[in-house]
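Structural features, examined
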Amino acid sequence: MVRLIQERGGLRPVELVKELGISPQALHRHLKSLTNSGALERRGRAPATRYFIAGEPSLNAMRRWFTASGGSTQESKEFVCETRDVFSARLGRLGALSKQGLEDGELSLLISAVGEVANNCFDHNLGHWRDIPGCWLETQITGKRLWVLIADRGQGVFQSLKRALPSIPDEKTALWTAFEKKVSGRAPENRGNGLKFVRKIVDESPARGLACRSGAGLIDYGTLGPECRKYLADFNPRVSGTVTLLVWRIP
Amino acid sequence: MKIQIKRYGNVLNSRPAGREAALSMIAYQKPKPGEKIELDFEGVLSVGPSWLDEVLSALRAKYGKERVICLARKNPSVLASLEAIDS
């Protein structure tokens, strides 16, 4: 059961009954025991309850949407913000995370970091989406960590930056440049400090981390950055777009 | 003259929203000649550098850099955004 959940991401009891071919009573007995032992974690209210591996974020739904071609996926309605207005409204809802124990100061910085990353999805991809416009925004809380998943099916950092900097050789350099240098694909507009701001916030505290993938480029920042990086390591580098995973430790 | 930023929202994060807010401030707030314009962030949860950059650029261009003051209080996202913009 644990292997199945690991491979497929969060699963509902009804799906587990079907996959494992056991009775609902037996399944719930096993689920209870695995949850009590700390191996599994229950998320959501019935009938939408799903079981996940404890302490790990599940990127499966986002990955399915990110790599799909030419259409939406089942989960996309819940997490995809097709316009900036929808995104802004959902970003405001992150304020409710104070109930999870995140202090106002931490929440303030987290929201501004998420805002900068996700607004880039719209700023740099208008008119250049692979197929579907918008960005994926999802939060998960597991093992005293708050994970924020942001993705877009856009042109990617390299394609965006090489208009302003034709000398950029590849996707890895482009991603590094985006986080380290004050430069923007929207030149001649005077902008390009958003990702530097995000990097600085993440680097300031050992309780934060970030990893970002765009094509073959993969970069991480902060003490918890390597933890984020491992979840993005096996994304297909040939799929255009950008994926960012942020993590904040909850006290 | 003090402008209560919370009137423009609790979470302020994008350039288009910042541009709109700046245009609204310039249209509706009429400071006396030489009067300082104080942006009060009391009651605002989060501000991003993109939003703040649009607002400050427009206000500074209209009234001059010295007249526009941010009362950041203890909001860390305002302090971090200011640092990012002015560094």
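With that settled, consider the packing of aromatic side chains. Residues and elements named next belong to chain A. Enumeration over the complete set of coordinates arrives at seven aromatic pairs over all chains. Ring plane angle 35° and centroid distance 5.0 Å describe the contact between Phe-79 and Trp-136, whose orientation is recorded as tilted. With Phe-79 in helix H5 (residues 76–79) and Trp-136 in strand S4 (residues 135–142), this pair connects stretches of sequence that are 57 residues apart. Per residue, the accessibility class of Phe-79 equals that of Trp-136, and both read buried. Their ring planes at 75° and their centres at 6.1 Å tell us that Phe-122 and Trp-129 sit as a pair that is edge-to-face. Given the relative accessible area of 3%, Phe-122 is considered buried. Connected via pairs of aromatic rings, a cluster forms that spans Trp-65, Phe-79 and Trp-136. In this structure, Arg-153 is placed above the aromatic ring of Trp-65, and the distance from its NZ or CZ to the ring centre is 5.2 Å.

Now for the sheet that holds strand S5 (residues 68–71) of chain B. Residues and elements named next belong to chain B. Pairing in this open sheet of three strands is parallel, and the strands run S1-S3-S5 from one edge to the other. At either end of the open sheet lies a strand with only one pairing partner, and these are strand S1 (2–4) and S5. Averaged over neighbouring strand pairs, the angle between their axes works out to 25° when direction is ignored. Relative to strand S3 (residues 37–40), S1 runs parallel, the two sharing three bridges. Residue pairing for S3: Lys-2 is matched across the bridge by Glu-38.

All names here are of chain A. Remark: helix H2 (residues 13–20) packs on helix H3 (residues 24–36), axes separated minimally by 10 Å, with the N-to-C direction vectors making an angle of 115°. For the element pair H2 / H3, the angle class is roughly perpendicular. The two elements H2 and H3 cross, and the hand of that crossing is right-handed. Contacts between H2 and H3 involve Pro-13, Leu-16, Val-17 and Leu-20 from the former and Pro-24, Leu-27, His-28 and Leu-31 from the latter. By residue class, the composition of the contact of H2 with H3 is seven nonpolar, one polar and no charged.

Each value, and the rule that gives it
Residues numbered from 1 in each chain as written. Chains lettered and ligands numbered in written order. Predicted model: local features only at pLDDT ≥ 70, side-chain atom pairs only at ≥ 80, totals over all residues. Heavy atoms only, no water. Phe/Tyr/Trp six-rings, centres within 6.5 Å; stacked < 30°, edge-to-face > 60°. Helix = DSSP H or I, 4+ residues; strand = E, 2+ residues; numbered from the N terminus. Buried < 20%, exposed > 50% of the residue type's maximum accessible area, 1.4 Å probe, protein only. Lys NZ or Arg CZ within 6 Å of the ring centre and 35° of its normal. Pairing = 2+ DSSP bridges. Axes fitted to C-alpha atoms, helices over the stretch in contact; angles between N-to-C directions. Parallel < 35°, antiparallel > 145°, perpendicular 65-115°, else oblique. Left-handed = near helix turned anticlockwise from the far one by under 90°. Contact = heavy atoms within 4.5 Å. Nonpolar A, V, L, I, M, F, W, Y, C, P; charged D, E, K, R; others polar.

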